[in-house]
Amino acid sequence: MRVLGIETSCDETGVALFDTERGLLADALYSQIAMHAEYGGVVPELASRDHTRRLLPLIQQVLDEAGLTRQDLDAIAYTAGPGLVGALMVGAATAHGMARALNIPVLGVHHMEGHLLAPMLEEDRPAFPFAALLVSGGHTQLVEVRGLGDYSLLGESVDDAAGEAFDKAAKMLGLAYPGGPQVARLAERGDPGRLRFPRPMTDRPGLDFSFSGLKTHTLTAIRKLEAAGELDEQARADVARAFEEAVVDTLVIKCRRALDQTGLKRLVVAGGVSANARLRERLEHECEKRNARAFYPRGRFCTDNGAMIAYVGAQRLLAGEHDEPGAMQAVPRWPMDTLEPPAGG
Ligand code: ATP
Ligand code: MG
Ligand code: FE
C-alpha cells in the first residue's frame, strides 16, 4: 500500500510517501521558521496561508522524486491534530479533496502518535512494548507503549513543555527562534561548574514534569549577571549550559524512573528535543547501566515531518481504518491517551 502523508499542524509543511512493502519512498519538508523568526514565534494566520502556498508543490515534488503520479497512490494520511486549527485544516482539506478525486481512502492521524512511532522508520527499530519519552515544542510526556494505539500516560508536564522551555531560554539569551538547537550550540562553550539550576520535581516520586520554574530561574540568573556587569559571551554560554544540564538531567531522571517502574528494557525518545546531543549521550549511558536500549528517529524526523504521518497512517489504513467521506478532522486539542488500537488489527 502506497500512502501519501501530509503534516501541517504547526510551522512546517511536511509531505512523504511510504510504501508498506518498500518503506519510505520520498519525503520533503518546507520550514516556515525564517518567516516566523521575525515575530519570535509562530503566527497562526501566517502559518495557515503558507501551508496553502507550499503544500501542493511539495506533494508534486515527492511524487516526482519517487517517479510516481497521483494515480499510483493507494491512500492518504494527514495530521488531524493536535495543533493550530487553521494550519491543520489546510492539510485536512487537501487530503480529503485529493482522496475524493482519486477515490481512495483517507485518514486523519494524531501528530504525537506520529512523533512516537517515527523511530519505526529506522532500520534499527524498537519492538513493542517500550517506554517512550515524547519531548517536543508542545509536549513532554512519558508513555507506556504496548502496541499501535495501546498507550498509557505515565506522566507529563504540568506546565511548559521542554522544547518550549528551550525556546523561552533562547529568547532570554537573545537567540533566534526556535531556540533549542541554538541553546545547545551555545551551551557547548559553557562552563558546567559555574552555575547550577534546579531539577524541578525530581525530589519527590512520580513521573510528572514542570519546566516553568526553570524559565524564571534562568531569567533571574541572567538579570543577576547583568546587574553585576558580568553578562559577557562566556556568561551567556554558562547560562545556556546550566539550563541545558538542568533540563537534560530532569528528563534522564524521569526516564530512569519510568524504566524501573515499568520494568521495560526499551526506551523510545522522540519529538524535537530528542535531537539534543547531550540528552542522547546521557540516556545512552543510563540505558547501558540498566541493560536497556534507547531508540530515536534520525535527526530530521525528530521535529515535524510528513514521513511519521505517512507511517502511522499506513499502519492504521492497513487495518481498515479511514475517515468517512467528507468528514475531515481538525482537532486542536486531542489527548493521546484517548487513542485506541485499530479495530481490525
Ligand atoms: P508538538 O509536536 O508538541 O505539537 P512541535 O511540533 O512544535 O510541538 P517539534 O517540531 O517536534 O515540536 O519540536 C520543536 C521543538 O524542539 C522546539 O521547541 C525546538 O526548540 C526543540 N528542539 C529542536 N532541536 C533541539 C535540540 N537540539 N535541543 C533542544 N531542543 C531542540
Ligand atoms: Mg515545529
Ligand atoms: Fe511536533
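Look up a bit, the structure's there.
Scope of this entry: the structure provided in the associated data block. Predicted model, so just to flag it, every value in this text is computed and none were measured.

What follows is about the packing of helix 5 (residues 162-172) against helix 7 (residues 212-227). One way to put it is that helix 5 packs onto helix 7 with a least axis distance of 10 Å and a crossing angle of 15°. Our classification of the angle between helix 5 and helix 7 gives roughly parallel. For the pair helix 5 and helix 7, the crossing hand works out as right-handed. Along its contact with helix 5, which presents K168, A169 and M172, the element helix 7 presents K215, T218, L219 and I222. Tallied by class, the residues present in the contact of helix 5 with helix 7 amount to 4 nonpolar, 1 polar and 2 charged.

A word on the nonpolar core. Core analysis: the largest hydrophobic core is formed by 58 residues, its most contacted members being L4, I76, L116, L117 and Y151. If you tally residues by element for this core, the top one is helix 10 (residues 306-318), at 8 residues. Residue contacts for L4: discarding those within four places in its chain leaves V15, A16, L17, I59, V62, L73, A75, I76, A77, M98 and A310.

Contacts to ligand 1 come from 20 residues, most closely from S136, G138, H139, D167 and D304. Between an oxygen atom of ligand 1 and a side-chain N or O atom of S136, the distance comes to 2.5 Å. Taking G180, its main chain carries an N or O atom lying 2.9 Å from an oxygen atom of ligand 1. Considering ligand 1 on its own, with 650 Å² of exposed area, one finds that the protein chains cover 88% of that surface. Of all the secondary-structure elements, those providing two or more residues to the shell around ligand 1 are helix 4 (111-117), helix 5 and helix 6 (180-187). For the shell around ligand 1, the class distribution of residues is 6 nonpolar, 12 polar and 2 charged.

The rules behind each value
- Residue positions are counted from 1 within each chain, in the order its sequence is given.
- As a convention, the first chain written is A and the first ligand written is 1, with the rest following in written order.
- Owing to the predicted nature of the model, reporting of local features is limited to residues with pLDDT of at least 70; listing and counting of side-chain atom pairs is limited to 80 or more, with chain, interface and lining totals taken over all residues.
- For side-chain calculations, the full set of non-hydrogen atoms in the structure is used, while hydrogens and water are omitted.
- What counts as an axis is a line fitted to C-alpha atoms, over the stretch in contact for a helix, and the angles between N-to-C directions run from 0 to 180 degrees.
- Counting from the N terminus, the helices are the DSSP runs of H or I reaching at least four residues and the strands are the DSSP runs of E reaching at least two.
- For classification purposes, angles smaller than 35 degrees are called roughly parallel, those larger than 145 roughly antiparallel, those between 65 and 115 roughly perpendicular, and all remaining angles oblique.
- The handedness criterion is simple: a crossing whose near helix is rotated anticlockwise from the far helix by less than a right angle is left-handed, and one whose near helix is rotated clockwise is right-handed.
- Contacts are assigned to residue pairs with any non-hydrogen atoms lying within 4.5 Å of each other.
- Classes in brief: Ala, Val, Leu, Ile, Met, Phe, Trp, Tyr, Cys and Pro nonpolar; Asp, Glu, Lys and Arg charged; the others, Gly included, polar.
- The term nonpolar core refers to a set of buried residues drawn from Ala, Val, Leu, Ile, Met, Phe, Trp, Tyr and Cys, joined through side-chain atoms within 4.5 Å.
- Only protein chains enter the accessibility calculation, which uses a 1.4 Å probe; a residue is then buried when its area is under 20% of its type maximum, exposed when over 50%, and partly exposed in between.
- Neighbouring residues are identified by heavy atoms, a residue being near a molecule or strand if any of them is within 4 Å of it.
- Any pair of N or O atoms that falls within 3.5 Å is considered a polar contact. Within protein, one atom must be able to donate a hydrogen and the other to accept it, and sequence-neighbouring residues count only if both atoms are side-chain atoms.
- Working definition of accessibility: Shrake-Rupley area with a 1.4 Å probe, residue cover restricted to the visible protein chains.

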